[in-house]
Amino acid sequence: MKKKLKNPGKITSVKAEVENISREGIWLWVSNQEFFLSFKEFPWFKKATLEQIYDVQFFHGKHLHWPTLDIDLDLESLKCPSAYPLKYS
C-alpha cells in the first residue's frame, strides 16, 4: 500500500503549448511566457501540418523539440533573439 505525503510538493512539470496559428506564424506558450514564431523568421513551420506544429515537446526547462519536423529551438533564443544573430536563409 502506498502512503500519501502529508505535504505534497507543487507540480513542477512545465510544458510548451501552441496557442494559435495564424497566416503570419505561431503563438507559443512556454514557462508562463508567450512567444510569437513568425513564418518569416522560422520558415520550417510554414508548410508543416497542424498536427506537426502542435506536436511540440519541452525538455529540461529550456529545449523545445518538434519530433515530426526534426526542429529544435533553445528557449533562450526566443527570449533574447539578439544574442543569436545567425538566421536561416
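Residues numbered from 1 in each chain as written. Predicted model: local features only at pLDDT ≥ 70, side-chain atom pairs only at ≥ 80, totals over all residues. Heavy atoms only, no water.

### Considerations on the overall build of the protein
Applied cut-off: Secondary structure elements follow DSSP: runs of H or I no shorter than four residues count as helices, runs of E no shorter than two count as strands, and numbering proceeds from the N terminus. Here a residue-residue contact requires only that any non-hydrogen atoms of the pair lie within 4.5 Å. Method for areas: the Shrake-Rupley scheme with a 1.4 Å probe, in which residue coverage is limited to the protein chains shown.
Scanning the protein from terminus to terminus reveals two helices and six strands. Listing every helix and strand of the protein by position from the N terminus yields β-β-β-α-β-β-β-α. Long-range pairs, those at least 24 residues apart, make up 31% of the contacts in the protein with a sequence separation of at least 6. Just so you have it, the protein exposes about 7,300 Å², and 53% of that area is on carbon and sulfur atoms.

### Quick notes on the sheet that holds strand β1 (residues 16-21)
Formally: For two strands to be treated as a pair, DSSP must find at least two bridges joining them. Here an axis means a line fitted to C-alpha atoms, over the contact stretch when the element is a helix, while the angle between two N-to-C directions is reported on a 0 to 180 degree scale.
A sheet is described by the order of its strands in space; here three strands give the open sequence β1-β2-β3, paired in antiparallel fashion. The open sheet terminates on both sides in strands that have one partner only, identified here as β1 and β3 (33-38). When strand polarity is set aside, the average angle formed by the axes of neighbouring strands in this sheet is 25 degrees. Where strand β2 (residues 25-30) lies against β3, six bridges are found, and the strand directions are antiparallel. Its bridge partner being in β3, V30 is matched across the sheet by Q33.

### Examining the side chain of S77
Here is the rule we go by: Contacts described as polar in this section are N or O atom pairs within 3.5 Å, which, within protein, must combine one atom able to donate a hydrogen with one able to accept it, while residues neighboring in sequence count only if both atoms come from side chains.
One can find S77 in helix α2 (residues 75-79). Reaching out from S77, the side chain makes a polar contact with the backbone oxygen of D74 at a distance of 2.6 Å.

### Topic: the sheet that holds strand β6 (residues 71-74)
Within the open sheet, the three strands sit side by side as β4-β5-β6. Their pairing is antiparallel. Strand pairing shows two members of the sheet lacking a second neighbour, β4 (57-59) and β6, which therefore form its edges. Across the sheet, the mean angle from the axis of one strand to that of its neighbour is 25 degrees, orientation sign disregarded. Pairing between β4 and strand β5 (residues 63-66): three bridges, direction antiparallel. Each bridged residue has a counterpart across the sheet, and for F58 the counterpart in β5 is L64.

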